[in-house]
Amino acid sequence: MLDIKFFGNNAFKPCELNGNYFLGYFYNFEGKLFRDEEAILYFLDLHNKNNIQEINKLSGIFTILIVEDSKLFVYSDITNFLPIFFIHINKKWKISDDWHYLLKEKGVFNINRQEEAGFLCSGFVSGNATLDNEIIKTKSGQVAIIENDKLYFKTIYSFLPQIFFPNKIDDLVGHGTNIFISAGKRLINYLNGRTAVVPLSGGFDSRLILSILKLNNYEDVICFTYGKKTREVEISKKVAEKLNYKWYFVDYEQITYDGFVQDEEFKDYAFKYANGYSMVYLQEYFALKYLQENNLIPKNSVFLPGHSGDFLGGSYVNRTVRITKHNSDIAKHIEQKYYFFKKKSKKEKRAIVKCLNNEFVNQKFVNLKIDKFYPYVEDWDVKEKLSKFIARSSYVFTYFGHEHIFYFWDKELVEFWKSMPYNFREGKFLYDKILSEKFFKPLGVYFEKAEIKASSFFVAYQQIKDFIRYFFPWKYVLKRMQSSDWINYYALTGEMEKELVKKGLKPLRKFKTFNAVICRWYVEKLKEF
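Predicted model, so just to flag it, every value in this text is computed and none were measured.

Engineer: Outline the overall build of the protein, supporting the account with residue identities and numerical values.
Structural biologist: A count of helical and extended segments in the protein gives 22 helices and 16 strands. Seen along its three principal axes, the alpha-carbon backbone of the protein occupies a region of about 65 × 60 × 55 Å. Taking all 529 residues of the protein together, 59% fall into the buried category. If you take every contact in the protein between residues at least 6 apart in sequence, the share linking residues at least 24 apart comes to 72%. Carbon together with sulfur atoms contributes 50% to the accessible area of the protein, which is approximately 23,300 Å² in total. A distance of 7 Å separates the average location of the 78 positive side-chain charges in the protein from that of its 63 negative side-chain charges.

Structure, rendered in structure tokens:
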């Protein structure tokens, strides 16, 4: 039996048609937008034809539940932004988009000890697991199926190259430029005249989105930047002024954080955001709260986050995808590269590797090691960190009642970069070339001397610092962390630490990022259930 409880959220309301449920929106390559009943009917047609190829071409943010006799099928977008959770109780499958609802139905929280170590070191739970050992969830690139009272998952999408484009730089620049423009037209169509709000950093990703809007003569645009006053803030302001767009700066050093963890709105946000599998995201929460309270953002605004463009362009290729290990070492490689929030004990390392190996055991790895690169690492990244940690960060917009669109996860863009030879993605070579030459320089928003770039030397230097950091006194390390704390995380997470210390826990030490404090706070709050 199936017991389905769909709640939706402040931005997307669920739609039901003949026992099938839909949440979100999607659009095809032609830019046609589908919502609600129209989306259900369109998707049902693809499902009934088993047209996985066309399903994988859909862009957007969506989850659909299809009930077919005694079977259930759950599909979602590439980021699995709106996950579905399952628990089997009293010979019945309870299914919901709210993890905490299922936890209350279950009546007790049993922490998933096997996954706890990984969460505390990365900010997300791997595979189909959650922080409760009986509640499981959907995952990017899969369809979930319940048949004969059994739940299983089938992979229908991967970020693995099938073919590579030919190595002709001029052709790639031209083709890539056209695809950015094509994705931009679909973006404009989706906005449909609504106010576009762009979280603007000093980097290239959000700047490209602004450039796309300007090239399409889209004028109803608001930009905002937040944190401490840094060089990135100066660049952001300069870009907005040059393109003649309204720009706000939310100074995090002027915000009072005292006792915010006791605020009822924050607690509601924190638990809805984390949803049993992801770290509570603090960065933009206070910026959104400020913008909303000061009526600086229209109610029907759409947010356009720029994250993940650098990933597609290749910023992480040399740090994570470059590997000389064999297939059997992939779990250890990922543990070393992605699970770094705090210093790990040997026991924690073993637990993380075990969880990863359990995830890989049913995957059929083929010989897809390309020169010095290992694409399976990137495929894992898309379905795990990017889905559960990076893309999930946009839930802050959802919570405050605004839709958003992942411009860089337009499927045509994704497929272009997935098929790009690694020598053109190393150091974002082609990505930066296209953006700077075809978009920024013509619009006057490329600042040669002021651009923030991470050289190979800088990357190597950071790796050395990470290796030796724990050999220094903790007070010295913490002071160094504060010096580069542009988001004022020391003050934010300090409030979380105070709450835990009052409950008898010792302050956390030997961590690499303040995210470790946030992860511990959430786990400890769950244990109070």
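Here the narrative resumes.
Engineer: So what's going on with the sheet that holds strand β8 (residues 92–96)? Which residues, and what values?
Structural biologist: With mixed pairing, the 4 strands of this open sheet are ordered in space as β1-β8-β7-β9. Of all the strands in the sheet, just β1 (2–5) and β9 (136–137) have a single pairing partner and so form its edges. Here strand β7 (residues 85–89) runs beside β9; their pairing, made up of 2 bridges, is antiparallel. The partner of Phe 86 across the bridge, within β9, is Ile 136.

Engineer: Could you give an account of the pairing of strand β6 (residues 71–76), with specific residues and numbers?
Structural biologist: When you tally the buried positions in β6, you get 5 out of 6 residues, the bulk of the element. Judged from the 6 bridges that link them, strand β5 (residues 59–68) and β6 form a sheet pairing that is antiparallel. Bridged to Ile 66 within β6 is Phe 73. The hairpin formed by β5 and β6 contains 2 residues between the paired strands, and Asp 69 there has a positive phi angle of roughly 55°. Pairing geometry for β6 and strand β10 (residues 142–147), over 3 bridges, is antiparallel. Bridging across to β10, Leu 72 finds its partner in Ile 146.

Engineer: Tell me what's going on with the packing of helix α6 (residues 205–215) against helix α18 (residues 429–443), and back it up with residues and numbers.
Structural biologist: Where α6 meets α18, the axes come as close as 10 Å, and the angle between the chain directions of the two elements is 45°. Considered as vectors, α6 and α18 are oriented oblique to each other. Between α6 and α18 the crossing geometry is left-handed. On the side of α6, the interface is formed by Asp 205, Arg 207, Leu 208, Ser 211, Ile 212, Lys 214 and Leu 215, while α18 contributes Tyr 431, Leu 435, Phe 439, Phe 440 and Leu 443. In terms of residue class, the contact of α6 with α18 is made up of 8 nonpolar, 1 polar and 3 charged.

Engineer: Run through the pattern of salt bridges, naming residues and quoting values.
Structural biologist: On inspection of all chains with the given rule, the structure shows 36 salt bridges. Across the salt bridge formed by Glu 105 and Lys 94, the nearest N and O atoms sit 3.1 Å from each other. With Glu 105 in helix α3 (residues 99–106) and Lys 94 in strand β8, this pair connects stretches of sequence that are 11 residues apart. Its relative accessible area of 12% is what places Lys 94 among the buried residues. Here Lys 139 makes a salt bridge to Glu 359, at a shortest N to O gap of 2.8 Å. With Lys 139 in the loop between β9 and β10 and Glu 359 in helix α13 (residues 346–360), this residue pair connects regions lying 220 residues apart in the sequence. Pair check on accessibility: Lys 139 and Glu 359 agree, each one buried. Among the charged side chains, a network of salt bridges with common partners joins Arg 113, Glu 116, Glu 524 and Lys 527.

Procedures and definitions
- For every chain, the first residue of the written sequence is number 1, and numbering continues from 1 along that sequence.
- For this predicted model, a pLDDT threshold of at least 70 governs which residues receive local features, and a threshold of 80 or more governs which side-chain atom pairs are given and counted, while totals over whole chains, interfaces and linings are taken from all residues.
- Excluding hydrogens and water, the side-chain figures rest on all heavy atoms present in the structure.
- Here a helix means four or more residues in a row that DSSP labels H or I, a strand means two or more in a row labelled E, and each is numbered from the N terminus.
- Classification of residues uses two cut-offs on accessible area relative to the type maximum, computed with a 1.4 Å probe and protein chains only: under 20% is buried, over 50% is exposed, and between them is partly exposed.
- Whether two residues are in contact is decided by their heavy atoms: any pair within 4.5 Å suffices.
- Values of accessible area rely on a 1.4 Å probe in the Shrake-Rupley scheme; residue burial ignores everything except the protein chains shown.
- Positive: Lys, Arg. Negative: Asp, Glu. His and the chain ends are not part of the count.
- The location of each charge is read from NZ of Lys, CZ of Arg, CG of Asp or CD of Glu.
- Strands were regarded as paired on the criterion that DSSP finds at least two bridges between them.
- Angles shown run from 0 to 180 degrees and are taken between the N-to-C directions of axes, each axis being a line fitted to C-alpha atoms and, for helices, limited to the stretch in contact.
- Our angle categories are set so that under 35 degrees counts as roughly parallel, over 145 as roughly antiparallel, 65 to 115 as roughly perpendicular, and the remainder as oblique.
- Handedness of each helix crossing follows the sense of rotation of the near helix against the far helix: counterclockwise by less than a right angle gives left-handed, clockwise gives right-handed.
- When residues are grouped by polarity, Ala, Val, Leu, Ile, Met, Phe, Trp, Tyr, Cys and Pro land in nonpolar, Asp, Glu, Lys and Arg in charged, and all others, Gly among them, in polar.
- By salt bridge we mean one thing: a side-chain nitrogen of Lys or Arg within 4 Å of a carboxyl oxygen of Asp or Glu.

Purely spatial values, then, with no claim about function.
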